[in-house]
Each structure stands twice: as structure tokens, then as C-alpha cells.
Amino acid sequence: MTAASQQKKAAIWALLALAVGSFGIGMTEFVVMGLLPNVASDLLPTLWATSSEDAIAQAGWLISLYAFGVVVGAPTIAGAVAKYPRHRVMIGLALALTVFNALTFLAPTFEWVAASRFLAGLPHGAYFGIGALVAAEVLGPGMRAKGVAFVLTGLTVANVVGVPLGTFLGQQLGWRAAFMVVAAIFAAATVLIALFVPEHPGDPSRTLRAELKVFRIGQVWLALGVGAIGFVGFFAVYSYIAPLVTEVAGSPAWVVPIVLVVMGLGMTAGNLVGGHLADVDLKRTLVGGLIALAAVLALLAVTAQWIWALGFFVFATGFVASALSPTIQTRLMDVAQDNQSIAAALNHSALNIGNSLGALLGGVVIAAGWGFRAPAWVGVTLAVAGLVLAAASLATERRRAPVHV
């Protein structure tokens with residue numbers, strides 16, 4: 001075996017080790033969405049007996065709290081650990097994810113589960129952000145978006161396999177069984193990262209204070225706004241996918257895991273296509289993706305009463321949203337100058353602001369009696385708002401670009 005082939009093999013194993021952790025993150029973040037009725041009936045029995053809609057809406061806070069943990073943890077952890085060797089940081093993050101998801105499995109009450117979900121969200125953004133930097137370095141110059149997409153592949157594959165399987169197990173054995181599986185996956189990821197991710201030195205000169213200077217860059221705020229606001233619709237639909245299938249389309253509960261597989265297939269395909277398109281033309285991918293997201297969410301809302309149409313537009317929603325994810329992360333890395341560690345993690349803060357707002361606003365419009373289609377219409381509005389922010393960001397950049405004569 002030549003040195004080049006050995007290096008390629010080592011890189012593949014390193015990327016696969018990172019992808020196992022991202023698989024676990026995809027499962028822990030999204031599996032609760034398919035199990036909201038189960039969680040609500042178990043942890044909020046009194047409210048469930050009075051109003052199942054109100055109980056499901058309150059259980060949606062578990063999604064928001066996880067997302068809030070990501071928002072808080074991504075910049076603070078990524079900034080604080082930027083000076084340390086990245087492979088060691090990744091081991092520590094995977095171990096923390098193991099412990100906090102085990103707490104969700106063991107927590108006895110809604111309040112304790114809520115606290116564990118916040119804690120489980122803290123390492124999420126730093127794991128993806130620093131993992132993306134490791135992947136980009138492994139793959140080499142000119143392939144940053146592909147490196148980002150490869151790490152995200154574990155997350156999208158989780159939505160094809162892990163989330164539907166976890167949802168099925170949760171429906172059959174109780175929702176806690178899904179989190180027992182998640183904790184085991186993170187334990188395996190910890191071992192694999194320790195074995196296969198090579199040494200990647202940090203930057204000893206980087207401190208949390210230095211990394212936080214990224215927030216002085218106006219384009220960073222605009223890019224964060226695009227991710228946060230533009231993704232509300234995706235998460236609003238995903239958060240309440242179970243009642244959308246059973247109440248609007250009138251399908252039995254066993255169809256929910258199938259629809260989740262369809263969503264995961266769309267996310268996996270979109271992630272791979274998005275990584276390629278972002279490397280070809282990032283700006284057009286960003287603008288076109290937001291327009292497409294608004295369109296498919298509107299069509300989903302209009303046609304959700306037919307299960308075949310619901311499945312098709314759920315696939316399309318997952319495809320477009322996941323195509324945008326590596327695009328937005330690469331955009332952040334482009335505008336963040338030398339603050340790469342925190343920039344790579346901030347994308348997940350932005351997306352999880354969208355996750356939190358999606359679950360929250362979706363719950364608000366459902367509790368207001370507007371029905372389970374209403375979250376998709378909220379998403380249409382905010383995807384358009386994200387498009388406006390993207391246009392403003394790109395226009396500002398063009399105005400400031402030097403003129404060559």
C-alpha cells in the first residue's frame with residue numbers, strides 16, 4: 001500500500017469516526033419530534049387528559065431547550081477550546097454528549113428531562129464546528145464545503161435510519177428507549193474518535209476573548225440571521241410532523257416513522273448536493289435555496305391532507321433545508337476572517353435559534369387553534385425574511401468590494 005493510499009484510508013476512517021458522532025447528534029436532536037405525543041402523555045398526564053394539543057405544545061419546549069443549549073454552547077465552548085488540540089476536544093465533546101443523553105434517559109420528571117435536554121445541546125455546535133474544521137483539513141484546500149457536508153452526513157443519515165428507528169422503538173418500548181440508544185451511539189463515537197482522528201493542533205494564541213471579536217463583524221450577524229430566521233419553517237414542520245401525519249393527513253401512527261425516513265432521505269440528498277453547489281457558487285445556492293424553501297413549505301401547507309403529497313413535500317423540505325446548511329456554514333467561515341473555530345460553530349447556533357423558534361412559534365399557532373398546518377405558513381413568512389437578509393448581506397458585500405481598473 002502506497003503512502004498516498006494509506007493517508008486516504010486514514011482520512012476516511014477519521015471522517016467516519018466524526019460522522020458517527022454527528023449521527024448521534026442528528027438522532028438526539030430530531031427523535032423527540034416524532035415522539036412528542038408519547039413524551040407529552042407520559043410526562044404531562046394531567047394536561048394530556050385535559051387537552052392533548054396543549055400537552056404536545058408544552059412538550060415542544062423540550063425541542064426549544066435543546067436548541068437553546070446549542071445556541072449558548074456553540075460560541076462559548078468553541079471559543080474557549082480553540083487553543084487546544086482539536087482531536088482531544090472532539091473526544092471530550094463526544095464524552096459529554098454521552099453523559100447528558102444518558103441523563104435524559106434516566107430523568108424522572110418533565111423538569112429534569114427539560115434540564116437534561118438543555119445540557120445535551122451545549123456540546124452540539126462545538127462538535128460540528130470543530131469537526132468541520134478537522135474534516136476540511138483532512139480533505140484539503142478547495143473542498144471546505146464538502147468537508148462540512150461530510151461531517152453533516154452523519155446527521156442526515158440519522159434522519160433516514162436513526163430517527164425513524166428511534167421513533168419506532170419509542171412507540172413500542174417507551175420514549176426513553178430512544179435516548180438509551182443515543183447514549184450508546186455517543187459512547188461508540190468517543191472510542192472511534194480516540195482511535196482514528198489524528199492529532200490536529202489548536203492555535204495557542206486564540207482565546208475566548210479573541211474569538212468573540214467575530215461578533216464585531218457585521219456580515220457575521222447577517223449570515224447568522226439568514227440561518228436563524230430562514231430555517232424556522234423547516235424546524236416548525238419537523239417539530240410537529242407526528243400530528244401533521246396523524247391529524248391532518250389522517251394516517252395511523254405507524255406511518256410517522258415512514259414519513260421521517262422520507263424526510264431523512266431528502267436531507268441526506270440535499271446535504272450532498274448542497275456541499276457541491278456551495279463550492280461551485282455559494283451565493284446563488286444561498287439565494288436560490290431560500291426561495292425554494294419558501295415555495296415547498298407553502299405547497300406542503302396546501303396539500304398536507306393527502307399523505308402522498310405530504311410525503312413528497314416533506315422530502316422536498318428536507319432536501320432544500322439540508323442543501324442550505326453547508327452553504328450557510330461556509331458563508332460564515334468566509335466572512336469571519338481569522339475566527340474560524342467559532343465561526344464554524346456559530347452556524348449551529350443560528351440553525352438552532354431557528355429550531356427553537358420553529359418549535360416555539362409552531363406550538364404558539366397550534367395552541368391558538370390555527371391547526372397543525374399553521375407552522376408551515378409561519379415558515380414561509382420567515383424563509384422570505386431570511387431571503388431579504390441574504391440579499392442585504394450580498395448587496396452590502398458588493399458595495400464594499402474594491403473596484404479594479
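The paragraphs below set out a description of the structure included in this document.

Rules used throughout
- Residues numbered from 1 in each chain as written.
- Predicted model: local features only at pLDDT ≥ 70, side-chain atom pairs only at ≥ 80, totals over all residues.
- Heavy atoms only, no water.
- Helix = DSSP H or I, 4+ residues; strand = E, 2+ residues; numbered from the N terminus.
- Buried < 20%, exposed > 50% of the residue type's maximum accessible area, 1.4 Å probe, protein only.
- Contact = heavy atoms within 4.5 Å.
- Lys, Arg positive; Asp, Glu negative; His and termini not counted.
- Charge placed at Lys NZ, Arg CZ, Asp CG, Glu CD.
- Axes fitted to C-alpha atoms, helices over the stretch in contact; angles between N-to-C directions.
- Parallel < 35°, antiparallel > 145°, perpendicular 65-115°, else oblique.
- Left-handed = near helix turned anticlockwise from the far one by under 90°.
- Nonpolar A, V, L, I, M, F, W, Y, C, P; charged D, E, K, R; others polar.
- Expected span 1.5 Å × (residues − 1).
- Core = buried A, V, L, I, M, F, W, Y, C linked by side-chain atoms within 4.5 Å.
- Phe/Tyr/Trp six-rings, centres within 6.5 Å; stacked < 30°, edge-to-face > 60°.
- Patch = residues over 30% accessible without salt bridge, like charges linked within 9 Å, V, L, I, M, F, W, Y side chains within 5 Å.
- Areas by Shrake-Rupley, 256 points an atom, 1.4 Å probe, with all protein chains shown as cover.
- Salt bridge = Lys/Arg side-chain N within 4 Å of Asp/Glu carboxyl O.

## Observations regarding the overall build of the chain
Inference 1: Looking only at helices and strands, the chain features 19 helices and zero strands.
Inference 2: In terms of its C-alpha atoms, the chain occupies a principal-axis envelope of roughly 65 × 50 × 45 Å.
Inference 3: Taken across its 405 residues, the chain has 58% of its residues classed as buried.
Inference 4: Of all intrachain contacts in the chain linking residues separated by at least 6 positions in sequence, the fraction that spans at least 24 positions is 84%.
Inference 5: Computing the positive centroid from 20 side-chain charges and the negative centroid from 15, the chain places the two 10 Å apart.

## Considering the environment of arginine 284
Inference 1: With respect to the helices and strands, the residue arginine 284 is situated in helix H16 (residues 282-303).
Inference 2: On the basis of relative accessible area, arginine 284 is assigned to the exposed category, the value being 68%.
Inference 3: Expressed as a C-alpha distance, the spacing of arginine 284 and leucine 299, which sit 15 residues apart in the sequence, is 22 Å.

## Topic: the packing of helix H14 (residues 241-248) against helix H15 (residues 255-280)
Helix packing for two helices is described by the angle between their axes and how far apart those axes are.
Inference 1: H15 packs onto H14 with a crossing angle of 125° between their chain directions and a minimal axis gap of 9 Å. In terms of their interaxial angle, H14 and H15 are classed as oblique. In the crossing of H14 with H15, the sense of the turn from one axis to the other is right-handed. Where H14 abuts H15, its residues Ile241, Ala242, Val245 and Thr246 lie against Val255, Val256, Val259 and Leu260.
Inference 2: Split by residue class, the contact of H14 with H15 holds seven nonpolar, one polar and no charged.

## Details of the environment of leucine 169
Inference 1: Counting through the fold element by element, leucine 169 comes out in helix H9 (residues 144-173).
Inference 2: Distance from leucine 169 to leucine 35, taken between C-alpha atoms, is 9.9 Å for residues 134 residues apart in sequence.
Inference 3: In this structure, leucine 169 is in contact with Gly174, Ala177 and Val181, ignoring residues within four places of it in sequence.

## Remarks on the side chain of threonine 268
Inference 1: Within the secondary structure, threonine 268 sits in helix H15.
Inference 2: The exposure class assigned to threonine 268 is buried, which follows from its relative accessible area of 16%.

## Examining helix H17 (residues 307-335)
Inference 1: Compared with the 42 Å implied by 1.5 Å per residue over 29 residues, the 42 Å span of H17 between its first and last C-alpha is a close match.
Inference 2: Burial of H17 is extensive: 23 of the 29 residues sit out of reach of the surface.
Inference 3: Positive phi appears at glutamine 337, one or two residues downstream of H17, with a value of about 60°.

## A few points about the nonpolar core
Inference 1: Membership of the largest hydrophobic core comes to 102 residues, with the highest contact counts inside it found for Phe30, Tyr127, Phe234, Tyr238 and Ile241.
Inference 2: A per-element tally of this core places helix H1 (residues 3-34) first, with 11 residues.
Inference 3: Those residues in contact with isoleucine 241 that lie beyond four places of it in its chain are Val259, Leu260 and Val314.
Inference 4: Among the nonpolar cores identified, the runner-up in size contains 13 residues, and Ala228, Leu332, Val335 and Ile342 belong to it.

## Quick word on the packing of aromatic side chains
Both the distance between ring centres and the angle between the ring planes are used here to describe each pair of aromatic rings.
Inference 1: Using the criterion set out here, one finds 10 aromatic pairs in the structure.
Inference 2: Geometrically, the ring pair formed by phenylalanine 30 and phenylalanine 235 is stacked, given 6.1 Å between the ring centres and 15° between the ring planes. Of this pair, phenylalanine 30 sits in helix H1 while phenylalanine 235 is found in helix H13 (residues 232-239), placing the two residues 205 residues apart along the sequence. For the pair phenylalanine 30 and phenylalanine 235, a shared accessibility class is recorded, and that class is buried.
Inference 3: Judged by centre distance (5.7 Å) and plane angle (35°), the rings of phenylalanine 68 and phenylalanine 118 are tilted.

## Concerning a nonpolar patch on the surface
Inference 1: Residues Ile12, Trp13, Leu16, Phe150, Val191, Leu195 and Phe196 make up a contiguous nonpolar surface patch of about 630 Å² in total accessible area.
Inference 2: When residues of the nonpolar patch are traced back to their parent elements, those giving at least two are H1 and helix H10 (176-196).
Inference 3: With respect to the helices and strands, the residue phenylalanine 150 is situated in helix H9.

## Points about the pattern of salt bridges
Inference 1: Using the criterion set out here, one finds one salt bridge in the structure.
Inference 2: In this structure, aspartate 281 and arginine 284 form a salt bridge, with 3.5 Å as the shortest nitrogen-oxygen distance.
Inference 3: When its relative accessible area of 28% is taken as the criterion, aspartate 281 is described as partly exposed.

## Observations concerning H16
Inference 1: The end-to-end C-alpha separation of H16 is 31 Å, in line with the 32 Å expected for 22 residues at 1.5 Å each.
Inference 2: Of all the positions in H16, only Leu282, Thr285, Leu286, Gly289, Leu290, Leu293, Ala294, Val296, Leu297, Leu300, Ala301 and Thr303 are classed as buried.

## Some remarks on the environment of leucine 290
Inference 1: Locating leucine 290 in the fold gives a position in helix H16.
Inference 2: When near neighbours in sequence (up to four residues on either side) are disregarded, leucine 290 contacts Val226, Gly230, Leu324, Ala383, Gly386, Leu387 and Ala390.

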